[in-house]
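Now for the letters of each chain:
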Amino acid sequence: MGSVADVNELRAIRNWCGMKRMWWISDEIYGCSVHTDCNRPHISALSLPLLEGDIDSPTLVLWGFSKDMALSGMRVGLIMNVPRQRDWKLVETIRHAATKQYSIFSMVSPVAQELCARMLDDEQWLAGFLQISRERLTACKRILCDGLGNLNIPYFEPHAGLFLWCDLTEFIEPDDQDGLGLFDKLKSDPYRMVVSPGSCFFADKPGMMRFCYAWMADGEEACREVVRRLTDFTHETRKGAWRSVKESLILRLRLQSVRMLSNNRPYAAPHTGQFCASRPFLSGEKMPDSIDYCNIVRSSADSSTTADRPSTLKWEAILGHWAVRDRLLRYDGIGQKALR
């Protein structure tokens, strides 16, 4: 999720591993990609202080060049441990895992190792590169977060790394159980956005999507284009959903209006709260043409209306909150959301 742990949280993790007699394997693949707007620095397990009362559980740190150094094609990574725990038992355990279980660790060529070593040796260049990388990641993330916020799409703001999670459950079809239908829609014309569905990462519900904001040469312009396409998708999908809701509301309002006019049950004028006596249709009387999108209110034709004279029914179109008897239907004035 791109969160950054502080010292106390890391100590709690290490102590918990110690109490359970477990090894602590700290994956710090994004350790040098903390955003510039984050008030928490990255603290490696290698430099985590061992205070009085702490349990010194066996600790390993994983780091690689693929994320922080933008060299995903090289597939070069490191396994490190704290110097105070460096003994033959730990070294033999790592060697056994590398040779027997994960032989891919032995596939780094000497040329790749030499290139990576030179990059790490040039501390001045390395510091400048990582600072520029953090600034660009922060700018790209900000564009994406602002765009999602303007579209009222829930998201989790990351403080490190290259990915942002957002909740697109609103756009999930009823028969889309794993979110892959939404994934297909986003990657197809005219939107053509390749995102990662949450079902690939054990998300707790369909509709969770992961966006990467660090894979283009011009990251900021790419993120603006993502926001533009996502805006088109959001508006078109919400417009279609509102059209379906509106058609359903019209049908319900027609049926409800017919019931109120065809029997003597009282109805309420929503904006006045007053109950009025309804009347049945007279023989040959036609339904008003403006029954759609309308609200029934009572009004007198003129001051000479008598008590035994049927009340004149006035049909008024409304744009705000509206109700038919005990059913309240609300919408936001734009037609993007409807709540029942």
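Residues numbered from 1 in each chain as written. Predicted model: local features only at pLDDT ≥ 70, side-chain atom pairs only at ≥ 80, totals over all residues. Heavy atoms only, no water.

- Identification of the chain as Aminotransferase class I/classII large domain-containing protein from Perkinsus olseni is taken from an unreviewed UniProt entry.
- You can read under Sequence similarities (unreviewed entry) in the UniProt record for the chain the words "Belongs to the class-I pyridoxal-phosphate-dependent aminotransferase family." (UniProt positions renumbered as here; feature names shortened; annotations may be inferred.)

**Observations regarding the pairing of strand β5 (residues 163-167)**
Regular strands place side chains that alternate from one sheet face to the opposite one.
Argument step 1. By the criterion of burial, β5 is predominantly enclosed, with five of the five residues buried.
Argument step 2. The alternating pattern of β5 places Phe163, Trp165 and Asp167 on one face and Leu164 and Cys166 on the opposite face, and all of these are buried.
Argument step 3. Sheet topology note: the strand β4 (residues 155-156)/β5 ladder contains two bridges and is antiparallel. Paired with Phe156 across the two strands is Trp165, which belongs to β5.
Argument step 4. Taken together, β4 and the strand that follows it, β5, pair antiparallel across an intervening segment of six residues, in which Gly161 is found at a positive phi of about 90°.
Argument step 5. Strand direction decides the pairing type here: β5 and strand β7 (residues 208-212), joined by five bridges, are antiparallel. Along β7, the bridge assignment pairs Trp165 with Arg210. (Buried < 20%, exposed > 50% of the residue type's maximum accessible area, 1.4 Å probe, protein only. Helix = DSSP H or I, 4+ residues; strand = E, 2+ residues; numbered from the N terminus. Pairing = 2+ DSSP bridges.)

**Structural notes on the sheet that holds β7**
Argument step 1. Spatial ordering of the open sheet is given by β4-β5-β7-β6, a layout of four strands whose pairing is antiparallel. Among the strands making up the open sheet, the edge pair consists of β4 and β6 (196-197).

**As for the layout of surface pockets**
Argument step 1. Volume-wise, the second largest pocket comes out at about 690 Å³.
Argument step 2. What lines the second largest pocket is a set of 30 residues, and nearest its centre among them are Gly2, Ser3, Asp27, Tyr30 and Ala160.
Argument step 3. Sorting the residues of the lining of the second largest pocket by element identifies α1 (7-19), β1 (24-27) and β5 as the ones contributing at least two each.
Argument step 4. Sort the elements by how many residues they give to the lining of the second largest pocket and β1 lands first, with four residues.
Argument step 5. Of the residues in the lining of the second largest pocket, the class split is 20 nonpolar, seven polar and three charged.
Argument step 6. Two domains each provide a minimum of three residues to the lining of the second largest pocket, namely domain 1 (7-121) and domain 2 (131-234). (1 Å grid on protein atoms, 1.4 Å probe; cavity = no way out; pocket = protein on both sides within 12 Å on 5 of 7 lines; lining within 4 Å. Points joined across faces, edges and corners; volume = space filled by probe spheres on them. Nonpolar A, V, L, I, M, F, W, Y, C, P; charged D, E, K, R; others polar. Domains from an automatic or database assignment.)

**As for a nonpolar patch on the surface**
Argument step 1. A contiguous nonpolar surface patch, about 390 Å² in accessible area, is contributed by Trp16, Met19, Met22 and Ile55.
Argument step 2. The exposure class assigned to Met22 is partly exposed, which follows from its relative accessible area of 35%. (Patch = residues over 30% accessible without salt bridge, like charges linked within 9 Å, V, L, I, M, F, W, Y side chains within 5 Å. Areas by Shrake-Rupley, 256 points an atom, 1.4 Å probe, with all protein chains shown as cover. Salt bridge = Lys/Arg side-chain N within 4 Å of Asp/Glu carboxyl O.)

**Examining helix α4 (residues 123-150)**
Helical geometry note: an α-helix holds 3.6 residues per turn, so side chains three or four residues apart project in the same direction.
Argument step 1. Between the first and last C-alpha of α4 there are 41 Å, a value that for 28 residues agrees with the 40 Å anticipated at 1.5 Å per step.
Argument step 2. Within the span of α4, buried status applies to Leu126, Leu130, Ser133, Leu137, Thr138, Cys140, Lys141, Ile143, Leu144, Cys145, Gly147 and Leu148.
Argument step 3. Asn152 sits one or two positions beyond α4 and adopts a positive phi of about 60°. (Expected span 1.5 Å × (residues − 1).)

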